[in-house]
Amino acid sequence: MLPREELLKGVENRDVIAHVIDQAEQAIKTWEVVITDFLSPPELAEIERVFSRLTEVHLVAWGGYAQAERQRVAITRSEMPLDVCQVAVTVLDIAGNFLFDTATHRDFLGAMLGTGIVREKTGDIIILGERGAQAIVVPELAEFLTMNLQQVRSVPVKTQVIDPRELKIREPKKKELTTVEASLRLDAIASAGFGMSRSKMVDLIDSGDVRVNWKEITQSSYQLKMGDLIAIRGKGRLQVGEIAVTKKDRYRIQLTRYM
C-alpha cells in the first residue's frame, strides 16, 4: 500500500519507523485511529519527515502536555478528523518522602522498568524533588503500575492515577545570547552556545552525542542554518535564531539555550 522501502531509505530508527508504517497501513485499511507507543524526539522527528511525503494519512502527536518530549502518535486516513484528545495517556503520581534519599529521573524510570514494563509504554517523568515524581504512561498499564510500583531506591512510594490537569509542568529555563563566528560550522556555534571549548565540542560531535534537528551529526564542519535545533545528551538544547552578516563578512548569530 505505502511505498515502504522508499520511505525507509536513510532512516536512523529503521525498526521503529517500519512499525509505524505498518500501523499507518492498518489505519488506512480499517478507517480507524491507530495509536503508537511513546516515541523519543529523534523518532518523532523522523516520523514527521517520512510521513510529510504522504497524502494518504493524517498524524497528530501528544505526550500529555504541550512541551512533552516523549509522545504517542495517532494515525488515521487523511479524510478522517483527528485531535490530540484521541491520543490516550494516563498520568501517575509517585509519592514518597525523598528528603534523605534523593531520586533522579533514572531512578524513577529504573523502578518502573523493574516492574517488567518496557520503555515504549512510558512517556515523560517529571521530578518533584523530595515529594516524588509524576509519570505519563499508556492507560492500559496504569492499574498494573499502581499495584506494582511500590519502591524507588530505598523509599516506599504510593502510586496512583491523577487528573492530567494536576501535572506540575515547569517551563524550561532559557538564555538568549549572541555570538559572532567566521563560519556556520556546528562545532563553532555549538561551543559558543553551550559555553565550552571547541575541542571539547569536537569530541562530543565525534562520539555521537550531538544531534541537529534530532539527527545524529558526526561532522564538526556541518553547516547550520536559522531554525536548527542542536541537542547534546545531558547538556540541553540550543536553537539557532536569526543570522546576519557583519561588515567584516562574519556571521552574527542569535541563539537561545534551553536548560
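Reading the values: the criteria
- Residues numbered from 1 in each chain as written.
- Predicted model: local features only at pLDDT ≥ 70, side-chain atom pairs only at ≥ 80, totals over all residues.
- Heavy atoms only, no water.
- Domains from an automatic or database assignment.
- Contact = heavy atoms within 4.5 Å.
- Buried area = accessible area lost by both parts, 1.4 Å probe.
- Salt bridge = Lys/Arg side-chain N within 4 Å of Asp/Glu carboxyl O.
- Polar contact = N/O pair within 3.5 Å; in protein donor to acceptor, adjacent residues only side chain to side chain.
- Nonpolar A, V, L, I, M, F, W, Y, C, P; charged D, E, K, R; others polar.
- Pairing = 2+ DSSP bridges.
- Helix = DSSP H or I, 4+ residues; strand = E, 2+ residues; numbered from the N terminus.
- Axes fitted to C-alpha atoms, helices over the stretch in contact; angles between N-to-C directions.
- Buried < 20%, exposed > 50% of the residue type's maximum accessible area, 1.4 Å probe, protein only.
- Phe/Tyr/Trp six-rings, centres within 6.5 Å; stacked < 30°, edge-to-face > 60°.
- Lys NZ or Arg CZ within 6 Å of the ring centre and 35° of its normal.

For the chain, the name recorded in an unreviewed UniProt entry is Photosystem II S4 domain protein, with Cylindrospermopsis curvispora GIHE-G1 as its organism.

**Q** Please clarify how the domain arrangement of the chain should be interpreted in this entry.
**A** A common measure of how large an interface is: the accessible area buried when the components associate. With domains assigned, the chain is organised as domain 1 (4-86), domain 2 (90-166) and domain 3 (174-258). If you look at the interface, domain 1 gives nine residues, while domain 2 gives eleven residues. Contact between domain 1 and domain 2 buries roughly 840 Å² in total, counting both sides, with carbon and sulfur atoms accounting for 52%. The largest share of the area that domain 1 buries against domain 2 comes from Asp37, Phe38 and Arg70, three residues that together contribute 63% of it. In this structure, the connection of domain 1 to domain 2 is made through one salt bridge. Between Lys121 and Asp37 there is a salt bridge; the shortest N-O distance is 2.9 Å. Taken together, the links from domain 1 to domain 2 amount to seven residue pairs in polar contact (both at pLDDT 80 or more). Taken together, the residues of the side of domain 1 that touches domain 2 break down into three nonpolar, two polar and four charged.

**Q** What is the right way to read the sheet that holds strand E9 (residues 158-162) from this model?
**A** Strand pairing in a sheet relies on backbone hydrogen bonds, with the paired strands running either antiparallel or parallel. If you walk across this open sheet you meet the four strands as E5-E6-E4-E9, and the pairing is antiparallel. Each edge of the open sheet is held by one strand with a lone partner, namely strand E5 (122-127) and E9. Across this sheet, the average inter-strand angle for adjacent strands is 25 degrees, counted without regard to direction. Two elements, strand E4 (residues 90-95) and strand E6 (residues 132-137), share six bridges in a ladder whose sense is antiparallel. Bridge pairing in E6 links Asp93 to Gln134. Contacts between helix H4 (residues 105-113) and the sheet are confined to E4, E5 and E6, with E5 contributing the most and set at about 140 degrees to the helix.

**Q** What's the story with the side chain of Asp228 in this structure? I'm lost.
**A** Tracing the backbone shows Asp228 in the loop between strand E12 (215-216) and strand E13 (229-232). A distance of 2.9 Å separates the side chain of Asp228 from the backbone nitrogen of Lys225, its partner in a polar contact. Residue contacts for Asp228: discarding those within four places in its chain leaves Val212, Asn213, Leu238, Gln239 and Val240.

**Q** Any chance you could explain helix H6 (residues 186-194) here in plain terms?
**A** An α-helical turn contains 3.6 residues, so any two residues separated by three or four positions project in the same direction. Most of H6 sits inside the fold, with eight of its nine residues counted as buried. Among all positions of H6, only Leu186, Asp187, Ala188, Ile189, Ala190, Ser191, Gly193 and Phe194 are buried. Tucked into the core, H6 has its buried residues touching strand E10 (174-181), helix H7 (198-206), strand E11 (210-212), E13, strand E14 (236-245) and strand E15 (251-258). The first or second residue beyond H6 is Gly195, which carries a positive phi of 65 degrees.

**Q** What's the story with the packing of aromatic side chains in this structure? I'm lost.
**A** Ring pairs (aromatic) are described by centroid distance and by the angle formed between their planes. This structure, assessed with the given rule, holds one aromatic pair. Ring geometry for Phe98 against Phe108: centres 5.2 Å apart, planes inclined by 55 degrees, an arrangement best described as tilted. Taken together, the residues Phe98 in the loop between E4 and H4 and Phe108 in helix H4 connect sequence positions ten residues apart. In terms of burial, Phe98 and Phe108 fall into one category: buried. For Arg72, the ring lying beneath its charged end belongs to Phe38, and the centroid distance is 6.0 Å. A cation over an aromatic ring shows up here: Arg77 above the ring of Trp31, its NZ or CZ 3.9 Å from the ring centre.

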